[in-house]
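This is what each chain is made of:
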Amino acid sequence: MAVNTVQKTRPRPSVNRRRAAPRRMPRLKTVLIAAAAYVVSFVFLFPYLVMLLTSLRSQDSLRDVTFWPEEWVWSNLANFWTSGLAGNLWVTLKVAAGSTVLVLLVALPAAYYSARHNFRGRTAFLILVLITQMFQPTAMLVGIYREFYQFGLVDSIWSLILVNGGFNLAFAVWILNAYFASIPRELEEAAFIDGNGRFGALFRITLPLAMPGVITALIFTFIAAWNEFVVALTLTTTPENQPLTVALNSFIGQYQVDWQNLFAGSVIATIPVIVLFALIERKVVGGLTAGSIK
């Protein structure tokens, strides 16, 4: 009598089933670096948080020890526009934009020529540009005021544009010079072979590649002109021609300071710079590392 035996076999594992890779725990060094970065970010952002919260307090709650306002007064931000400071914000925007355009118009050809041509006195020229960066506007206020007074430019937006452009020109030349020097000459020579002239190669090949450096010079010039105070306080007298950094002094009286409105104006003055920097932050980082990799 034959007995049929069925041999039981174990099911084979699926071929497509992959062994799950063990999850790697982050290293202690990475965790410490991330924690330090968060701490540093908090230290830098904490004053802005205090400024924002103070701008939303009422006059009676400024001396409260509580961190968060018990009463949120959003009308402080609206008072900025009704107090006439919107015109001063527009003056600041015109001064910062005009200074930035002036710097780029002068720094681009100067940086490009000094990066592409080894002319006599090139080193002395670059050193002179660096030396001009060491002078502070406060050390030359008397001379600056007398110069613009002789030309009839005191209490004028043009005087602020010229001064801010002049004091930010050296930084822009150095940044753009380093970036133009990192771009290979062979790219321009190939453009010459294709029939482009000097300006065609510059605007079609070199300048697009140097755009991170241009953006870096633009943002730093714009921020420096936006935040300038001492020269604007010296050269402007009428409230209508004063930038916002000077006009905010109207909230500081002889015996009392209108802190909530002062901080509300400071918050509004900070927002355009934050938005501009957030939009082109990647280009700024690329420009600051110009010349490090080829």
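So, how was this worked out
Residues numbered from 1 in each chain as written. Predicted model: local features only at pLDDT ≥ 70, side-chain atom pairs only at ≥ 80, totals over all residues. Heavy atoms only, no water. Helix = DSSP H or I, 4+ residues; strand = E, 2+ residues; numbered from the N terminus. Buried < 20%, exposed > 50% of the residue type's maximum accessible area, 1.4 Å probe, protein only. Contact = heavy atoms within 4.5 Å. 1 Å grid on protein atoms, 1.4 Å probe; cavity = no way out; pocket = protein on both sides within 12 Å on 5 of 7 lines; lining within 4 Å. Points joined across faces, edges and corners; volume = space filled by probe spheres on them. Nonpolar A, V, L, I, M, F, W, Y, C, P; charged D, E, K, R; others polar. Arc of directions from axis to C-beta. pLDDT = per-residue confidence, 0-100. Patch = residues over 30% accessible without salt bridge, like charges linked within 9 Å, V, L, I, M, F, W, Y side chains within 5 Å. Areas by Shrake-Rupley, 256 points an atom, 1.4 Å probe, with all protein chains shown as cover. Salt bridge = Lys/Arg side-chain N within 4 Å of Asp/Glu carboxyl O. Core = buried A, V, L, I, M, F, W, Y, C linked by side-chain atoms within 4.5 Å. Axes fitted to C-alpha atoms, helices over the stretch in contact; angles between N-to-C directions. Parallel < 35°, antiparallel > 145°, perpendicular 65-115°, else oblique. Left-handed = near helix turned anticlockwise from the far one by under 90°.

On a plain count of helices and strands, the protein comes out with 13 helices and zero strands. From first element to last, N terminus to C terminus, the protein shows the α and β order α-α-α-α-α-α-α-α-α-α-α-α-α. Here the protein holds 294 residues, and the buried ones make up 34% of them. Look at the contacts in the protein between residues 6 or more apart in sequence, and 71% of them connect residues 24 or more apart.

Bringing the layout of surface pockets into the picture now. Computed from the structure, the largest pocket encloses a volume of approximately 450 Å³. Forming the walls of the largest pocket are 19 residues, and the residues nearest its centre are Tyr48, Asn227, Ala269, Thr270 and Val273. Within the residue set of the lining of the largest pocket, elements represented by two or more residues are helix H1 (28-55), helix H9 (211-227), helix H11 (244-247) and helix H12 (259-279). A per-element tally of the lining of the largest pocket places H12 first, with seven residues. Looking at the lining of the largest pocket, its residues break down into 13 nonpolar, six polar and no charged. The volume enclosed by the second largest pocket comes to roughly 280 Å³. What lines the second largest pocket is a set of 15 residues, among which Gln133, Pro137, Phe167, Asn168 and Ala224 lie closest to the centre. For the lining of the second largest pocket, the secondary structure elements donating two or more residues are helix H6 (157-182) and H9. Per-element accounting of the lining of the second largest pocket gives the leading share, five residues, to H6. Looking at side-chain class alone, the lining of the second largest pocket contains nine nonpolar, five polar and one charged residues.

So, about helix H5 (residues 141-150). Listing the buried residues of H5 in full gives Leu141, Ile144 and Phe148. Mapping the buried residues of H5 onto a view down its axis gives an arc of 65°, with all of them on the same face. What points out from H5, more than 90 degrees from its buried face, is the exposed set Val142, Arg146, Tyr149 and Gln150. Just downstream of H5, Gly152 is the residue with a positive phi angle, here 70°.

As a further point, take the confidence of the model for the protein. Looking at the protein, the pLDDT average stands at 80 and 86% of residues meet or exceed 70. Averaged pLDDT values for the elements of the protein fall to 58 in helix H13 (residues 281-288) and rise to 90 in helix H3 (residues 85-116).

On the surface, a nonpolar cluster with roughly 1,200 Å² of combined accessible area is contributed by Val39, Val40, Phe42, Val43, Phe44, Phe46, Leu49, Leu52, Phe67, Trp68, Trp72 and Trp74. For Leu52, the location among the structural elements is in helix H1.

Residues Ala107, Leu176 and Phe180 are the most contacted members of the largest nonpolar core, which totals 19 residues. Put simply, the parts of the chain that give this core at least two residues each are H3, H6, helix H8 (198-209) and H9. Residues within four places of Leu176 in sequence aside, it is in contact with Ala107, Leu108, Ala111, Gly213, Val214 and Ala217.

Here the focus is the packing of H3 against H9. The interhelical angle for the contact between H3 and H9, taken along N-to-C directions, is 140°, at an axis separation of 8 Å. Judged by the angle between their axes, H3 and H9 are oblique. In the packing of H3 onto H9, the handedness of the crossing is right-handed. Between H3 and H9, the contacting residues are Leu89, Thr92, Leu93, Ala96, Ala97, Ser99, Thr100, Val103, Leu104 and Leu108 on the first element and Val214, Ala217, Leu218, Thr221, Phe222, Ala225 and Trp226 on the second. Residues that form the contact of H3 with H9 fall into these classes: 13 nonpolar, four polar and no charged.

The full count for this structure, using the stated rule, is two cavities of 30 Å³ or more. Lining the largest cavity are Thr92, Val95, Leu160, Asn164, Ala225, Trp226, Glu228, Ala232, Pro243 and Thr245. For the lining of the largest cavity, the secondary-structure elements that each account for two or more residues are H3, H6 and H9. Class assignment of the residues belonging to the lining of the largest cavity gives a composition of six nonpolar, three polar and one charged. Roughly 30 Å³ of internal volume is contained in the second largest cavity. The wall of the second largest cavity is formed by Asn76, Asn79, Phe80, Phe251, Asn261, Ala264 and Gly265.

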